[in-house]
Amino acid sequence: KDADGRKTGEKRMECSLIVDYKGIVECVRRSGEVSYIHGDVVYPEDDFDFAYGSNQFLRHKPALDGQQDFRAIKCYYSFVQMRDGSTDFLVMTPRQIEKVRRRSRAANSGPWVTDPIPMGIKTVFRSQSKWLPWSVEVRTVIEHGDDPEAPARPAFGGEVFDLPAEPAGETEPEKGEPPADEVPA
């Protein structure tokens, strides 16, 4: 037996919770403290200005007839307004977004290739979300989600669940439970 009391050679499957940006948006909204979320890109012809600090502001007026070429993007931003009227935002350059893309396991495939602008906006929001209201459990997952070298750790209070390694459909559901392939309404 190993240190966890399992038979050596026993098959074990582990999984990790990965919260996508839509899940992050939902969790931030559920906090009840956020009233508005917006992310966008800024092109050279857009009227854009921002400042951080005690008199922070972000102003973006897109030039609707301007060049909207991915290669010409000046920056990406994420903006959040709280219920109390305060605002928070984060602006990232294409170079900063590129550093995040390069760390991704799918840097050269999938949405980073087919949909780079939404991926850039998602990246800014994900970075900003670390400062927004969360539960402790969700914050732990989000803070380590961007770090491929983060130490392996169980999420949500350290609970580890051992699941039987039986193929789906080979066990009968318990009385009163729906079959495994049905999702309760």
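Below, the structure is looked at part by part. (Residues numbered from 1 in each chain as written. Predicted model: local features only at pLDDT ≥ 70, side-chain atom pairs only at ≥ 80, totals over all residues. Heavy atoms only, no water.)

Quick look at the overall build of the protein chain now. In terms of helices and strands, the protein chain carries 5 helices and 5 strands. Ordered by position from the N terminus, the helices and strands of the protein chain form the series α-β-β-β-β-β-α-α-α-α. Residue burial in the protein chain is summarised as follows: out of 185 residues, 26% are buried. For the protein chain, the proportion of contacts with a sequence separation of at least 24, taken over those separated by at least 6, is 55%. (Helix = DSSP H or I, 4+ residues; strand = E, 2+ residues; numbered from the N terminus. Buried < 20%, exposed > 50% of the residue type's maximum accessible area, 1.4 Å probe, protein only. Contact = heavy atoms within 4.5 Å.)

Let's shift gears to the packing of aromatic side chains. In the structure shown here, the tally under the stated rule is 6 aromatic pairs. Arranged with centres 5.7 Å apart and planes meeting at 25°, the rings of phenylalanine 48 and tyrosine 77 form a pair that is stacked. Remark: tyrosine 77 occurs in strand β4 (residues 75–82) and phenylalanine 48 occurs in strand β2 (residues 47–51); sequence separation between them is 29 residues. The pair phenylalanine 48 / tyrosine 77 is uniform in exposure class, with both members buried. Aromatic pair phenylalanine 50 and phenylalanine 89: ring centres 6.3 Å apart, planes at 90°, arrangement edge-to-face. Placement of phenylalanine 50 in strand β2 and of phenylalanine 89 in strand β5 (residues 87–92) is noted, with a sequence separation of 39 residues between them. Judged by relative accessible area, phenylalanine 89 falls into the buried class, the value being 4%. Taken together, the ring pairs in this structure connect Phe48, Phe50, Tyr52, Tyr77 and Phe89 into an aromatic cluster. (Phe/Tyr/Trp six-rings, centres within 6.5 Å; stacked < 30°, edge-to-face > 60°.)

Turning our attention to the pattern of salt bridges. Evaluation of the coordinates by the stated rule reveals 3 salt bridges. For arginine 59, the salt bridge goes to aspartate 47, with nearest N and O atoms at 3.0 Å. You can see arginine 59 sitting in strand β3 (residues 57–61) and its partner aspartate 47 sitting in strand β2, a full 12 residues away along the chain. For aspartate 47, a relative accessible area of 36% translates into the label partly exposed. Here arginine 101 makes a salt bridge to glutamate 98, at a shortest N to O gap of 2.5 Å. With arginine 101 and glutamate 98 both in helix α2 (residues 94–103), this residue pair falls 3 residues apart, about one helical turn. A single network of salt bridges, built from pairs that share partners, joins Glu98, Arg101 and Arg102. (Salt bridge = Lys/Arg side-chain N within 4 Å of Asp/Glu carboxyl O.)

Relative to β3, β2 is paired through 5 bridges, and the arrangement is antiparallel. Paired with phenylalanine 48 across the strands is histidine 60, a residue of β3. Two successive antiparallel strands, β2 and β3, enclose a turn made up of 5 residues, where glycine 53 displays a positive phi of approximately 110°. (Pairing = 2+ DSSP bridges.)

Here the focus is the sheet that holds β4. In spatial order, the strands read β1-β4-β5; together these 3 strands make up an open sheet with antiparallel pairing. The sheet is open, and its two borders are formed by β1 (34–42) and β5, each paired with just one other strand. Going across the sheet, the axis of each strand differs from the next one's by a mean of 10°, ignoring polarity. Strand contacts of α2: β4 and β5, with the helix running at about 80° to β5, the strand carrying the most contacts. Its contacts with the sheet place helix α4 (residues 116–129) against β1, β4 and β5, and it is angled at close to 45° to β4. (Axes fitted to C-alpha atoms, helices over the stretch in contact; angles between N-to-C directions.)

Listed in full, the buried residues belonging to α2 are Ile97, Val100 and Arg101. All buried residues of α2 lie within an arc of 100° about the axis, which places them on one face of the element. Facing away from the buried side of α2 by more than 90 degrees, the exposed set consists of Arg95 and Arg102. Where α2 is buried, its residues contact β4, β5, α3 (111–114) and α4. (Arc of directions from axis to C-beta.)

On to the nonpolar core. The nonpolar side chains of a soluble globular protein tend to be buried with one another. Listed in full, the 9 residues of the largest apolar core are Val41, Tyr43, Ile73, Tyr76, Met92, Ile97, Trp112, Met119 and Val124. Of all hydrophobic cores here, the second largest spans 8 residues; its members include Val28, Val34, Met82 and Leu132. (Core = buried A, V, L, I, M, F, W, Y, C linked by side-chain atoms within 4.5 Å.)

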